[in-house]
Amino acid sequence: MILPKHLVSFLLVRVGIVVALSALWQSMAWLIASPDFPSLYSVIKSVQFHFNEGDMVNNILITLRRVLLSFIIAMLLGGIIGIMMGVNSLFNKLTDSLLIIMLNIPALVTILLCYIWFGLVEAAAIAAVAINKIPTVVVMIREGTRTVDKDLLAVAKIYKLSATKTFFSVFLPQLYPFIIAAARSGLSLIWKIVLVVELLGRSDGVGFALNTLFQFFDIAGILAYTFAFVMIILLIEILFFKPFDKLVARGACGD
Amino acid sequence: MIELNVAINNKYYPNSQQAVLAQLDFTVKPGEFVAIIGPSGCGKSTLLNMISGLEDCSGQHISYNERASQKYGANDSGVNNQSHQLGYIFQQPRLMPWLTVKENIELVLSPSQYHKIDGLLAQVGLDNKGGYFPSQLSGGMQRRVSIARAFAINPQLLLLDEPFNSLDAPTAARLRQLLLDLCIQRGTTVVFVTHDLSEAIYLADRIIFMSHSPSTIVHQAIVDLPKPRKESGVAELKWQAQLLVKYPHLLAGRID
């Protein structure tokens, strides 16, 4: 079977980069020959060990659940507030200073305050992550709302489209590129913060596992968890973000 | 069929001391095709936006009467009366780039009216282009989609704001003919803004000439040439020449 040319070059580039990085890692590990720098082989063996005999699957599922919940809350609330700020200049004026403060409060402070005020509970962990992410979603969606083409909204008004139709068929599609940018950056930020939240105040999840591995100075274990989690994030990218990319590109030149 | 009554007295832009429209009083009779000509910046588009309700009309009088003289218009935005009676074809086609040609027309219709779309696309010569996105069409084809979208709702009043600008001459001529055919077929009342006198003579029953801003009506001319007319035909050119000999500065918004 002959593969199309663009697929061959795509595979060559993607697989080539992964193979080259793996080879570099393995040879560096051989050269350095230190327990602080485990080889790729020992990391893969560690993945296998934690996967089969440890709590890796359970911890990853727990972390993913937290990531998903915080992500949905942050995107929904951030999206709604961002649209309101972009559309209503008075609301924007009233909330702009608060937004700047929220953007600049360190993630660690929010996490600690949430744990102190609400206790070491699941809701506090998820709230802490969502509060950290909401301001960046607000900023992106607000900027997107400001770029919405008023000429197209005028078409909706002239042809008396219902508010729902105007929102979903005319307004929202113009925000898709901003929503996907917020979602992509959101996911990467959220899973990093979730690990800190777990490290500080939960007794399960990838963050908790990494803390335990750190206490045993199990570097291969730490890298194994990172490796497994990155793979899952890549899978999410392929399964969820790529199809959304296609939706965003709908009707663009050359489609 | 619908009649349009416009009485505008000193329309200001928000935060401006200078009126853009000073005094405009005119009526467009049911089924009449009225062209409005005026110099750049005289407020032609503002006038159309006021008629359509896109621009604030508080304190002004814009109303519609149906032929049976049933009145629904009001003094405010003017279009919040019967459903789907107003079509607007803008300078740019203003199609949703993420929707196909067919979806763009579906957008302004209810699902029970979707069956009309194929016939309408055939009428504007786009019968095999329903699945295309606007970016895959030429400028002329995009205008045709915007014409089809406007006629999809079977408008009683159609507003057009220099819709054939920036098109090559043969395409613009074809679209003018298409517009005329559809308007005659459906008895649509039309207000057509243009800066092209020969286009106005070809299309309109009456031409209203506007002055510089703050605008007033400086002249109204009934185009008493038989239909169908010709683009740059002898009679049409003669009519134009006679008008401009009588009022040499008419297109600049003056009759001195």
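Residues numbered from 1 in each chain as written. Chains lettered and ligands numbered in written order. Predicted model: local features only at pLDDT ≥ 70, side-chain atom pairs only at ≥ 80, totals over all residues. Heavy atoms only, no water.

**What about the overall build of chain B?**
Then comes step 1: Of regular secondary structure, chain B possesses 7 helices and 9 strands.
Then comes step 2: Relative to the compact-globule value of 18 Å for 256 residues, chain B shows a C-alpha radius of gyration of 18 Å, a close match.
Then comes step 3: Its C-alpha atoms put chain B at 55 × 45 × 40 Å along the principal axes.
Then comes step 4: Across chain B, the fraction of contacts at a sequence separation of at least 24, relative to all contacts at a separation of at least 6, is 67%.
Then comes step 5: By element, 51% of the accessible surface of chain B is carried by carbon and sulfur atoms, the whole surface being about 10,800 Å².
Then comes step 6: Computed over 22 positive and 22 negative side-chain charges, the separation of the two mean positions in chain B equals 3 Å. (Helix = DSSP H or I, 4+ residues; strand = E, 2+ residues; numbered from the N terminus. Rg over C-alpha atoms; globule rule 2.2 N^0.38 Å. Contact = heavy atoms within 4.5 Å. Areas by Shrake-Rupley, 256 points an atom, 1.4 Å probe, with all protein chains shown as cover. Lys, Arg positive; Asp, Glu negative; His and termini not counted. Charge placed at Lys NZ, Arg CZ, Asp CG, Glu CD.)

**A few points about the UniProt feature "transmembrane region" (unreviewed entry) in chain A**
Residues and elements named next belong to chain A.
Then comes step 1: Under the UniProt annotation, "transmembrane region" (unreviewed entry) lies at residues 12-33, 67-91, 98-118, 124-141 and 214-240.
Then comes step 2: End-to-end, the C-alpha atoms of residues 98-118 are 22 Å apart, and along that stretch the chain is 90% helix and 0% strand.
Then comes step 3: Spanning residues 214-240, this segment combines 89% helix with 0% strand, and its end C-alpha atoms are found 32 Å apart. (UniProt positions renumbered as here; feature names shortened; annotations may be inferred.)

**Considerations on the interface of chain B and chain A**
Then comes step 1: Contacts between the two partners involve 29 residues from chain B, matched on the other side by 19 residues from chain A.
Then comes step 2: Taken together, both faces of the contact between chain B and chain A bury some 2,100 Å²; the carbon and sulfur share is 61%.
Then comes step 3: Area buried by chain B at its contact with chain A is led by Arg94, Trp98 and Leu107 of chain B, which between them contribute 32% of it.
Then comes step 4: Across the chain B-chain A interface, the total number found is 2 salt bridges.
Then comes step 5: On the surface where chain B and chain A come into contact, there are 8 residue pairs in polar contact (both at pLDDT 80 or more).
Then comes step 6: Only β5 (86-89), α2 (101-107) and α4 (139-152) of chain B provide two or more residues apiece to the side of chain B that touches chain A.
Then comes step 7: When grouped by side-chain class, the residues that make up the side of chain B that touches chain A number 16 nonpolar, 9 polar and 4 charged. (Buried area = accessible area lost by both parts, 1.4 Å probe. Salt bridge = Lys/Arg side-chain N within 4 Å of Asp/Glu carboxyl O. Polar contact = N/O pair within 3.5 Å; in protein donor to acceptor, adjacent residues only side chain to side chain. Nonpolar A, V, L, I, M, F, W, Y, C, P; charged D, E, K, R; others polar.)

**What to know about the pairing of strand β9 (residues 215-222) of chain B**
Residues and elements named next belong to chain B.
Then comes step 1: Both strand β2 (residues 19-28) and β9 contribute to a ladder of 2 bridges, which runs parallel. Paired with leucine 21 across the bridge in β9 is serine 215.
Then comes step 2: By the bridge criterion, 5 bridges tie strand β8 (residues 206-210) to β9 in an arrangement that is antiparallel. Of the residues in β9, the one forming a bridge with isoleucine 208 is glutamine 220.
Then comes step 3: Where β8 folds back onto β9 in an antiparallel hairpin, the turn is made up of 4 residues. (Pairing = 2+ DSSP bridges.)

**Describing the side chain of asparagine 59 of chain A**
All names here are of chain A.
Then comes step 1: By secondary structure assignment, the location of asparagine 59 is in helix α3 (residues 56-87).
Then comes step 2: According to the relative accessible area criterion, asparagine 59 is buried, its value standing at 7%.
Then comes step 3: Not counting residues up to four positions away in its chain, the partners in contact with asparagine 59 are Asp204, Gly205, Val206, Ala209 and Tyr225. (Buried < 20%, exposed > 50% of the residue type's maximum accessible area, 1.4 Å probe, protein only.)

**Quick word on the packing of aromatic side chains**
Then comes step 1: Considering all chains together, one arrives at 8 aromatic pairs over all chains under this definition.
Then comes step 2: Here phenylalanine 214 of chain A and phenylalanine 217 of chain A contribute two aromatic rings whose centre-to-centre distance is 6.4 Å and whose plane-to-plane angle is 35°, an arrangement assigned as tilted.
Then comes step 3: Relative to phenylalanine 192 of chain B, the ring of phenylalanine 164 of chain B lies with its centre 6.2 Å away and its plane at 40°, an arrangement referred to as tilted. Of the two residues, phenylalanine 164 of chain B is situated in the loop between β6 (157-161) and α5 (169-186) and phenylalanine 192 of chain B in strand β7 (residues 189-194); the sequence distance between them amounts to 28 residues. (Phe/Tyr/Trp six-rings, centres within 6.5 Å; stacked < 30°, edge-to-face > 60°.)

**Thoughts on the environment of phenylalanine 241 of chain A**
Residue and element names in this part refer to chain A.
Then comes step 1: Counting through the fold element by element, phenylalanine 241 comes out in helix α10 (residues 219-248).
Then comes step 2: Residue classification places phenylalanine 241 among the buried positions, given a relative accessible area of 9%.
Then comes step 3: Leaving out residues up to four positions away in the same chain, phenylalanine 241 has contacts with Phe71, Ile180, Ala183, Arg184, Leu187 and Ile236.

**Regarding the nonpolar core**
Then comes step 1: Residues Leu47, Ile51 and Ile207 of chain B are the most contacted members of the largest nonpolar core, which totals 90 residues.
Then comes step 2: At 7 residues, the largest contribution of residues to this core is made by α5 of chain B.
Then comes step 3: Apart from the residues within four sequence positions on either side, leucine 47 of chain B is in contact with Val6, Ile8, Leu21, Leu24, Phe26, Ile36 and Met210 of chain B.
Then comes step 4: Within the second largest apolar cluster, 48 residues are counted, among which are Ile60, Ala125, Ile134 and Val137 of chain A. (Core = buried A, V, L, I, M, F, W, Y, C linked by side-chain atoms within 4.5 Å.)

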